[in-house]
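Here is what each chain is made of, one letter per residue.
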Amino acid sequence: MASSVHGNEPESTNSLKTFGAVVKVFRERAGLTQEELAPLVQFSAQTVASIEQGRRLPDPEFILRAEEVLDAFGTFKAAAEHLSRRAGLAVWFRQWAALEARAVALCAYECRVIPGLLQTEAYARAVTLSVPPPPDEQETEERVTARLARQKLLHRRPPIAFSFILEQSLFERGTGGKGVTRSLIDHVLGCAELWNVELQVMPRWQPNHAGLDGPMRLLETPRNKWLGYSEGQQCGNLITGPKDVSVLYQRYAKMRSQALSQEASVSLLKQIRGAL
């Protein structure tokens, strides 16, 4: 199927829209309008608008200048490498995936599903097939492949410091069946042995829980700035405001004190594994 065009601008794609959304977030974070950014990057305001709307492929010079002007710490360069559709990744997650690739620290609290960075292939497949509408075989393979590919971040050099807080119920739910759950726990325990990974389990009984508003992610950029991310049904929200990020950071810090220590978490997971 051929793509339609309008002038010199290609039909908008998911990846172009995502790149444009990332540029817009950083522009607004810098307190600039499109008209104010234009002379700083030496492109017209119309070009800036087209890029932010996902209607125009960004020129390499735009990427380099916008990186410097907006203090984007490599995010635009990383995102520009994926300006064709990234099969398997949800549209709303792609901004965060680009930021992850450049992070120096990543924190994740989950109460719904084991984070993709810690999933096994069988668990990823079970999760993919559990949520309606059922994907076809190709889409299933794309999602699983993309999820597993992100796990290279666990071994990236320079390394990323990881912190995971996971609800005990995630390991007791039995997603995919007992065999899948056993392999999942074994895999997570193996990840917990990595020197740059901290794993904590939030026990079922925790009367004071700072994470009741739902899952959250935080990352530290190479320039030591913190960003947040939250996700819901068919949507994701990149959080850049300092006050909003601070709220998430406070909640995450509180949960670290409420969850089991890594040693106790490993012991609990081994108990759950042994009971299966």
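For the structure, check the block above.
Everything numeric here is computed off the predicted structure, so don't read it as measured data.

## What to know about the environment of Ile 114
- Positionally, Ile 114 belongs in the loop between strand S3 (105-110) and helix H7 (121-130).
- Placed 51 residues apart in sequence, Ile 114 and Ile 165 show a C-alpha to C-alpha distance of 9.9 Å.

## A look at helix H10 (residues 178-192)
- Between the first and last C-alpha of H10 there are 21 Å, a value that for 15 residues agrees with the 21 Å anticipated at 1.5 Å per step.
- Taken together, the buried positions of H10 are occupied by Val 180, Thr 181, Leu 184, Ile 185, Val 188, Leu 189, Cys 191 and Ala 192. Buried residues of H10, viewed axially, fall in a sector of 165°; they line one side.
- If you follow the buried residues of H10, they end up packed against H7, helix H9 (169-172), strand S5 (197-202) and helix H12 (262-275).

## Section: unusual backbone geometry
- Cis peptide bonds are those with omega within 30 degrees of zero, and the linkage from Pro 132 to Pro 133 qualifies with -5°.
- In this structure, Pro 158 follows Arg 157 across a cis peptide bond, with omega equal to 0°.
- Despite not being glycine, Gln 42 shows a phi value in the positive range, around 65°.
- As for its placement among the helices and strands, Gln 42 is situated in the loop between helix H2 (34-41) and helix H3 (45-52).
- In this structure, Phe 73 is a non-glycine residue whose phi angle is positive, near 40°.
- Among the structural elements, Phe 73 can be located in the loop between helix H4 (60-69) and helix H5 (75-80).

## Points about the packing of aromatic side chains
- Following the criterion strictly, the structure yields 7 aromatic pairs and no others.
- Geometrically, the ring pair formed by Phe 26 and Phe 76 is edge-to-face, given 5.6 Å between the ring centres and 85° between the ring planes. Of this pair, Phe 26 sits in helix H1 (residues 14-29) while Phe 76 sits in helix H5, and the two are 50 residues apart along the sequence. Considered together, Phe 26 and Phe 76 belong to a single accessibility category, that of buried residues.

## Brief notes about the pairing of strand S8 (residues 235-239)
- Pairing between strand S7 (residues 226-232) and S8: 5 bridges, direction antiparallel. Bridge pairing links Gly 232 to Cys 235 in S8.

## Regarding the pattern of salt bridges
- Going through the model one piece at a time under the given rule, you end up with 14 salt bridges.
- A salt bridge links Glu 121 to Arg 125; the nearest nitrogen and oxygen atoms lie 2.9 Å apart. One end of the pair, Glu 121, and the other, Arg 125, are both in helix H7, 4 residues apart, so they sit about a helical turn from each other.
- Bridged by salt links that share partners, the residues Asp 71, Arg 223 and Lys 225 form one connected network.

Rules and cut-offs
- Residue indices begin from 1 for each chain and proceed along its sequence in written order.
- Only residues with pLDDT of 70 or above have their local features reported here, since the model is predicted, and side-chain atom pairs are shown and tallied only from 80 upward, although totals for entire chains, interfaces and linings are computed over all residues.
- Hydrogen atoms and water are omitted, and side-chain values are computed over all heavy atoms in the structure.
- Secondary structure elements are taken from DSSP: a helix is a run of H or I of four residues or more, a strand is a run of E of two residues or more, and numbering for both begins at the N terminus.
- Expected span, for any helix, means 1.5 Å times one less than how many residues it has.
- Relative accessible area decides the class of each residue, using a 1.4 Å probe on protein chains only: under 20% of the type maximum gives buried, over 50% gives exposed, and in between gives partly exposed.
- To obtain the arc, one takes the directions from the helix axis to the C-beta atoms.
- Note on contacts: a residue pair is in contact if any heavy atoms of the two residues lie within 4.5 Å.
- Each pair of aromatic rings taken from Phe, Tyr and Trp, with Trp reduced to its six-membered ring, is defined by centres within 6.5 Å and is described as stacked if the planes are under 30 degrees apart, edge-to-face if over 60, and tilted in the remaining cases.
- Think of it this way: DSSP has to see at least two bridges between two strands before they count as a pair.
- Each reported salt bridge corresponds to a side-chain nitrogen of Lys or Arg within 4 Å of a carboxyl oxygen of Asp or Glu.

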